[in-house]
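As a plain string of letters, each chain reads:
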Amino acid sequence: MTAPGRVSLAVPIGAGVVTALVGFTSSFAVVLTGLRSVGASEAQAASGVFAMSLVMALGITGLALRYRIPITLAWSTPGAALLAGTGAVVGGWPAAVGAFVTVGIAIVLTGVWSGLGRVIAAIPVSLAQAMLAGVILPLCLEPVRALADNPAAVAPVVVTWVVLLRFSPRWAVPAAFAVAAVVIGISLTTGDTEIGARSLLPSLDLVAPTWTWQALIGIALPLYIVTMASQNIPGTAVMASFGYAVPWRASMTVTGIGTAITAPAGVHAVNLAAISAALAAAPDAHPDKDRRWIAAVAAGASYLALALASAALATLVALAPAGIVETVAGLALLATLAASLAAALSTEADRVPAAITFVVAASGVAIAGIGSAFWALVLGLVVRLGLTRRA
């Protein structure tokens, strides 16, 4: 057996590259869909992906080098799914940007003020997960609709995902994304669409934020809750399972400030990685746990490279045949849907409130300009409180 100290640097570097590739490709379509749903243009959505990749690259590298642990960051995939289910709000894209700034500030406050963290922790996990399951359900249904409407283009993507899910689940969504890119490429070469060279180069499209109470309640509040409950808290738990203590205040400060400052470029939320965190923190990244930080640095460098390619990928997605992007996004969220439903229904006493939360969130109904995610959580909490008092 090879001694830990003699393991080639190629091992942690390879693990870092895989971490970034899996994290980026498995949710790229979800992020683009979410940003466009709340009013971003194609250029603004591409700007958001570019800016988030830069924040992740710099944040991961800085934290890993400072604390010598394999800490990795990610964009909020559940948050992007929430945006996709929320749709446009009063004030349009500038109001959504204002909500993103608010989320960033709230994340920073969570790091420096323990009371805010306790408030989030007090929200029943079953209801938070039911809300998440409800808002992502419509996206998870898209592959079914797309397969029925455009089977020739969508079937290869779905079949690839199913096959890889059996033999290599980690690569199922990235492989589906790769096949989708091939399908899009074939569609472009057989059509008459022209792609401008400038659209392939990354750029920042800045928008001045505005604030409306509808966006603050309908986007900022549920986005903050989902990001904390589905990303930051689980991310800390994943790291702890491998023997690492996440520097909470520093992590929240880096991700929160990074989100708030770059929100005008389209960044909705950057947070601790959860699922992909294990790729850099597990023994496969390096037998010596004190050397796995190299994998995180490699992931940061990989995100920088992906940032440079993000505009070309976003342009490719924008020209995709009908249903392709929605299919990849839906497939990427199926595992999250399954985990959320399991968590939502795990406590018998909370099943009815969780079911109500799920149904209201999935309805997509907006009341007073506020999206269904907020009302789902409110109604779920009210019903839960009523049932608890009655019991």
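Residue numbers here run from 1 along each chain, matching the order of that chain's written sequence. Only residues with pLDDT of at least 70 get local features here, since the model is predicted, and only at 80 or more are side-chain atom pairs given and counted; chain-wide, interface and lining totals rely on the full set of residues. To obtain the side-chain values, all non-hydrogen atoms of the structure were included, while hydrogens and water were left out.

## Looking at the overall build of the protein chain
In step 1: Helix and strand assignments follow DSSP, with helices taken as H or I runs no shorter than four residues and strands as E runs no shorter than two, numbered in order from the N terminus. Helices and strands together make up the secondary structure of the protein chain, namely 16 helices and two strands.
In step 2: A globule of 391 residues ought to have a C-alpha radius of gyration of about 21 Å, and the protein chain, at 20 Å, matches this closely.
In step 3: Across its three principal axes, the protein chain shows a C-alpha extent of roughly 60 × 55 × 45 Å.
In step 4: Between buried and exposed lies partly exposed: a residue is buried under 20% and exposed over 50% of the maximum accessible area for its type, with that area taken using a 1.4 Å probe on protein chains only. Taking all 391 residues of the protein chain together, 52% fall into the buried category.
In step 5: Pairs of residues are marked as contacts when any of their non-hydrogen atoms sit within 4.5 Å. Long-range pairs, those at least 24 residues apart, make up 84% of the contacts in the protein chain with a sequence separation of at least 6.
In step 6: The Shrake-Rupley method, run with a 1.4 Å probe, gives the accessible areas here. Residue values count only the displayed protein chains as cover. Entry remark: accessible area of the protein chain is about 16,000 Å², with carbon and sulfur atoms responsible for 69%.
In step 7: Positive charge is attributed to Lys and Arg, negative charge to Asp and Glu, and no charge count is given to His or to the chain ends. In plain terms, the charge of a residue is placed at NZ if it is Lys, CZ if Arg, CG if Asp and CD if Glu. When the 17 basic and 12 acidic side-chain charges of the protein chain are each reduced to a single mean position, those positions are 16 Å apart. As a reference, a globule follows 2.2 Å times the number of residues to the power 0.38, and the radius of gyration itself is taken over C-alpha atoms.

## Details of empty space enclosed by the protein
In step 1: Both site types are read off a 1 Å grid over the protein atoms alone. A 1.4 Å probe that fits but cannot get out defines a cavity, while an open set with protein on both sides within 12 Å along at least five of seven lines defines a pocket; lining residues have an atom within 4 Å of a point. Grid points are joined across faces, edges and corners, and a volume is the space filled by probe spheres set on the points. Under the counting rule described, the total for this entry stands at one cavity of 30 Å³ or more.
In step 2: The calculated volume of the largest cavity comes to roughly 70 Å³.
In step 3: As for the largest cavity, its lining consists of Ala29, Phe177, Ala180, Ala181, Ile184, Leu313, Leu316, Val317, Ile324, Val325 and Val328.
In step 4: Sorting the residues of the lining of the largest cavity by element identifies helix 9 (172-190), helix 13 (293-318) and helix 14 (324-344) as the ones contributing at least two each.
In step 5: Three classes are used: nonpolar for Ala, Val, Leu, Ile, Met, Phe, Trp, Tyr, Cys and Pro, charged for Asp, Glu, Lys and Arg, and polar for all others, with Gly counted as polar. Class assignment of the residues belonging to the lining of the largest cavity gives a composition of 11 nonpolar, no polar and no charged.

## Description of the layout of surface pockets
In step 1: Considered as a void within the structure, the largest pocket measures approximately 880 Å³ in volume.
In step 2: Around the largest pocket, the lining is made up of 39 residues, and of these Ile275, Ser276, Ala332, Ala335 and Thr336 lie nearest the centre.
In step 3: Take the lining of the largest pocket: its biggest share by element is nine residues, from helix 14.
In step 4: In terms of residue class, the lining of the largest pocket is built from 28 nonpolar, 10 polar and one charged.
In step 5: Empty space within the second largest pocket amounts to approximately 310 Å³.
In step 6: Taken together, 17 residues line the second largest pocket, and the ones lying closest to its centre are Glu42, Ala43, Ala46, Ser199 and Thr315.
In step 7: The set of elements that each furnish at least two residues to the lining of the second largest pocket consists of helix 3 (42-67) and helix 13.
In step 8: A class-by-class count of the residues in the lining of the second largest pocket yields nine nonpolar, five polar and three charged.

## Regarding the environment of alanine 106
In step 1: Structurally, alanine 106 is set in helix 5 (residues 92-112).
In step 2: For alanine 106, a relative accessible area of 16% translates into the label buried.
In step 3: On a C-alpha basis, the gap between alanine 106 and glycine 117 in space is 10.0 Å, while along the polypeptide they are 11 residues apart.
In step 4: Once residues within four sequence positions are removed from consideration, alanine 106 is found in contact with Leu116 and Tyr224.

## Structural notes on the pattern of salt bridges
Any two side chains of opposite charge can pair if their charged atoms end up close together.
In step 1: Whenever a carboxyl oxygen of Asp or Glu lies within 4 Å of a side-chain nitrogen of Lys or Arg, that contact is scored as a salt bridge. Counting across every chain of the model gives three salt bridges.
In step 2: Among the salt bridges present, the one from arginine 36 reaches glutamate 42, with a minimum N-O distance of 3.2 Å.
In step 3: What makes arginine 36 partly exposed here is its relative accessible area of 24%.
In step 4: Aspartate 350 is paired through a salt bridge with arginine 384; the nearest N and O atoms lie 2.9 Å apart. In this pair, aspartate 350 is assigned in the loop between helix 14 and helix 15 (351-363) and arginine 384 in helix 16 (residues 372-390), connecting sequence segments 34 residues apart.
In step 5: The buried category is assigned to aspartate 350, whose relative accessible area is 9%.
In step 6: Given the relative accessible area of 30%, arginine 384 is considered partly exposed.

## Some points on unusual backbone geometry
In step 1: Despite not being glycine, arginine 68 has its phi angle at roughly 55°, a positive value.
In step 2: Within the secondary structure layout, arginine 68 lies in the loop between helix 3 and strand 1 (73-75).
In step 3: Classification of arginine 68 as partly exposed rests on a relative accessible area of 42%.

## A few points about the nonpolar core
Within soluble globular proteins, side chains that are nonpolar generally end up buried alongside one another.
In step 1: By nonpolar core is meant a set of buried Ala, Val, Leu, Ile, Met, Phe, Trp, Tyr and Cys residues that side-chain atoms within 4.5 Å join together. Within the largest apolar cluster, 109 residues are counted, with the highest numbers of intra-cluster contacts made by Phe28, Leu35, Trp93, Phe100, Ile219, Tyr224 and Ile324.
In step 2: With residues near it in sequence (within four places) discarded, tyrosine 224 still touches Val103, Ala106, Ile107, Thr110, Leu116 and Ile120.

## Brief notes about the side chain of threonine 212
In step 1: Along the chain, threonine 212 falls in the loop between helix 9 and helix 10 (213-241).
In step 2: Using a relative accessible area of 17% as the deciding quantity, one classes threonine 212 as buried.
In step 3: Pairs of N or O atoms are called polar contacts if they sit within 3.5 Å, as long as, within protein, a hydrogen donor faces a hydrogen acceptor (for residues adjacent in sequence, only side-chain-to-side-chain pairs). A polar side-chain atom of threonine 212 sits 3.0 Å from the main-chain carbonyl oxygen of valine 90.
In step 4: In this structure, threonine 212 is in contact with Val90, Gly91 and Ala95, ignoring residues within four places of it in sequence.

## Some thoughts on helix 1 (residues 10-25)
In step 1: Helix length check: helix 1 (16 residues) gives 22 Å between terminal C-alpha atoms against 22 Å at 1.5 Å per residue, within 8%.
In step 2: Buried within helix 1 are the following residues: Pro12, Ala15, Gly16, Thr19, Ala20, Val22, Gly23, Phe24 and Thr25. A helix is expected to span 1.5 Å multiplied by its residue count minus one.

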